[in-house]
Amino acid sequence: MYAVNEQGWLEGVEHCPSPNFNERPDDIAVDLLVIHSISLPAGCFGTPHVRELFCNTLDCSIDPTFSSLRGLQVSAHLFIDREGRTTQFVSLNKRAWHAGISCFEGRENCNDFSIGIELEGDEQTPYTALQYQELQLVTRSVQCYYPAISSGRIVGHSDVAPGRKTDPGPAFDWAYYKKVVN
């Protein structure tokens, strides 16, 4: 398990601070974990483009599918690549911009009270064993830091933004993940 320092950064993972975050509202308990998937371009793995997107350095002219990303300011707390390596972009104590327009159990603006983890992938390609191993480790570390995140409060982006988002998609093995996290 990873230790989390007082500033909300996991020790032992790469840190690549994103400018795309802000303060959480006062008196908000972090009690939700949202799992996402991302690849840029879609279905291409191992590129630097996710990092560039989260750090506002993506050259949107290099791929025609990037045109819709121009000016977009997004981030996640954590990103796990296909090799099981974790990069942290935003402190767990801060509000990353990962869920967008969202609602969970009647509470809107899930970014206010959640942690966002992006898995490098797409909705059709199975995630790697290394990603599941690392996701288990990262999940337990986050749950230690925020004990209100029970296994029932771990959801997909599709759960908090239904009709708008479908990730992490059918390729994500929820049964296996929940079994190894519990």
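Report follows, based on the coordinates. Here the structure is a predicted model, which means the values were calculated and not measured.

1. What about the nonpolar core?
Part 1 of the reasoning: Ile115 and Tyr177 are the most contacted members of the largest nonpolar core, which has 26 residues in total.
Part 2 of the reasoning: Looking at this core, the elements with two or more residues in it are β3 (32-38), β4 (78-80), β9 (114-120), α2 (129-145) and α4 (174-181).
Part 3 of the reasoning: Looking at which element gives the most residues to this core, the answer is α2, with 4 residues.
Part 4 of the reasoning: Ignoring sequence-local partners within four residues, the contact set of tyrosine 177 consists of Leu33, Ile35, Tyr132, Leu135, Thr139, Ile154 and Phe172.
Part 5 of the reasoning: In terms of nonpolar packing, the next biggest core, distinct from the first, is built from 17 residues, Leu40, Phe79, Phe89 and Val90 among them.

2. A short note on α2
Part 1 of the reasoning: A rise of 1.5 Å per residue sets the reference length of α2, with its 17 residues, at 24 Å; its end C-alpha atoms lie 25 Å apart and thus fit the reference within 8%.
Part 2 of the reasoning: Residues Gln131, Tyr132, Glu134, Leu135, Val138, Thr139, Ser141, Val142 and Gln143 constitute the buried set of α2.
Part 3 of the reasoning: Tucked into the core, α2 has its buried residues touching β3, β4, β5 (86-88), β9, β10 (154-156) and α4.

Basis of the calculations
Residues numbered from 1 in each chain as written. Predicted model: local features only at pLDDT ≥ 70, side-chain atom pairs only at ≥ 80, totals over all residues. Heavy atoms only, no water. Core = buried A, V, L, I, M, F, W, Y, C linked by side-chain atoms within 4.5 Å. Buried < 20%, exposed > 50% of the residue type's maximum accessible area, 1.4 Å probe, protein only. Helix = DSSP H or I, 4+ residues; strand = E, 2+ residues; numbered from the N terminus. Contact = heavy atoms within 4.5 Å. Expected span 1.5 Å × (residues − 1).

Purely geometric numbers; function is a separate question.
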